[in-house]
Amino acid sequence: MKTPITVTVTGAAGQIAYSLLFRIASGSMLGPDQPINLRLLEIPPAMNALEGVVMELRDAAFPLLNEIVPTSDPDEAFAGANWCLLVGSVPRKAGMERKDLLDINGKVFIGQGQAIARSAAKDVRVLVVGNPCNTNALIAMHNASGVPSDRFFAMTRLDENRAKSQLAEKAGVHVTEVTNVAIWGNHSSTQYPDFTNAKIGGKPVTEVIKDTEWLKGDFITTVQQRGAAIIKARGASSAASAASAAVDTVRSLATQTPEGDWYSVAVCSDGSYGIEKGLICSFPIRTTKDGGWEIVQGLPIDVFSQEKIDVTVNELKEERDAVTSLLQH
Ligand code: NAD
Ligand code: LMR
């Protein structure tokens, strides 16, 4: 029997968590033989609802679920955490951009970053899902003194999955045929889903999909605007697909990436591709044999891609500049 891994999920009574917790407990995220301790953080008004979720988790009788700790105390929630999935924060409503949430959500990540630094395990890794996730991750990272910056991630895997699904549909192939899709930049309407380096059935996308106008136009805007389209249709933001993307992200970070492929997640830039050091920016990422991660180097960036990357990186700088008072140095 393996030693349990402790996973902390914030916003545990919310929509995303209602799907995510059951996927984690079933073994989808960390493997079918990996026991899990779940530590669940909520704000006091949501503790009753959280009790209901805990009852359902128990009622599911998951063989891998070792322990469940529901709490509204961040230090108790992050105690010994190996993985922290920071979902808890307010979602946007129709007509808003994700960055409009910075005023409401940004400050949450100060206290959570500090509590992670005090209480989590030495090997802690933190995935921020709550929006605007890149800049919230930046705030958490700056406030988690002593935790290395390479442990902080923000989720752009949902965007990658959306892009793959759009490309597969257009090419008339199964989504598993689509590989090497990188999302660059911010999880926002400026993100750049890079089709120029993507492949379908091992061939460049541009050899399989000849409709360049669609690739440069509708494909990009559909992916950029997919979150808003779901809010319009559902009256609430994406939840099950977001939970699934969080599971995919952790699984990709925890397992060696297949040869030649990559996945998307926002990490602290080291200056690769000329992107300012210290921004939490989405890149093509590979998980290495030793369990670390690296930014895929040397991808060709044409003029069209560079312009798109510049726009989204500039937005990240603007968001960073808007929260300087929340960043501790
Ligand atoms: P939700 O409103 O259903 O749930 C959020 C939960 O967080 C609520 O239960 C709330 O009580 C809790 N919460 C608020 N502040 C908290 C705090 N300080 N500590 C702990 N819990 C707290 O929202 P949701 O649909 O689950 O979405 C959560 C967030 O995820 C939103 O910001 C949403 O925009 C974002 N999101 C991101 C992506 C992505 O791809 N990165 C995808 C979908 C949604
Ligand atoms: C998404 O991409 O679905 C989420 O970030 C929710 C949103 O506000 O769009």
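Preceding block: the structure.
These figures come from a predicted structure and were not determined experimentally.

Cut-offs applied
Residues numbered from 1 in each chain as written. Chains lettered and ligands numbered in written order. Predicted model: local features only at pLDDT ≥ 70, side-chain atom pairs only at ≥ 80, totals over all residues. Heavy atoms only, no water. Pairing = 2+ DSSP bridges. Helix = DSSP H or I, 4+ residues; strand = E, 2+ residues; numbered from the N terminus. Near = heavy atom within 4 Å. Polar contact = N/O pair within 3.5 Å; in protein donor to acceptor, adjacent residues only side chain to side chain. Areas by Shrake-Rupley, 256 points an atom, 1.4 Å probe, with all protein chains shown as cover. Nonpolar A, V, L, I, M, F, W, Y, C, P; charged D, E, K, R; others polar.

Reading across the sheet, the 3 strands line up as 7-10-11 and stay open at both edges, with antiparallel pairing between neighbours. Both outer strands of the open sheet, strand 7 (178–179) and strand 11 (203–204), are each paired with one neighbouring strand and no more. In this sheet, strand 10 (residues 199–200) lies alongside strand 7 in antiparallel orientation, the contact comprising 2 bridges. Among the inter-strand pairings, valine 178 is bridged to a residue of strand 10, identified as isoleucine 200.

On to the site of ligand 1. Taken together, 26 residues are adjacent to ligand 1, and Gln15, Ile16, Glu42, Val129 and Asn131 come closest. For ligand 1, an oxygen atom lies 2.9 Å from a polar atom in the backbone of glutamine 15. Valine 90 places a main-chain nitrogen or oxygen 3.1 Å from an oxygen atom of ligand 1. Protein burial of ligand 1: of its 860 Å² of free accessible surface, 87% is covered by the chains.

Neighbouring ligand 2 are the residues Arg92, Arg98, Asn131, Leu158, Arg162, His187, Gly227, Ile231, Ser237 and Ser238. Interatomic distance of 2.8 Å between a side-chain N/O atom of asparagine 131 and an oxygen atom of ligand 2. In the environment of ligand 2, an oxygen atom lies 2.7 Å from a nitrogen or oxygen atom belonging to the side chain of serine 238. For ligand 2, the accessible surface in isolation is 260 Å², of which the surrounding protein chains cover 94%. Only helix 7 (157–171) and helix 10 (226–234) provide two or more residues apiece to the shell around ligand 2. Looking at the shell around ligand 2 residue by residue, the class counts come to 2 nonpolar, 5 polar and 3 charged.

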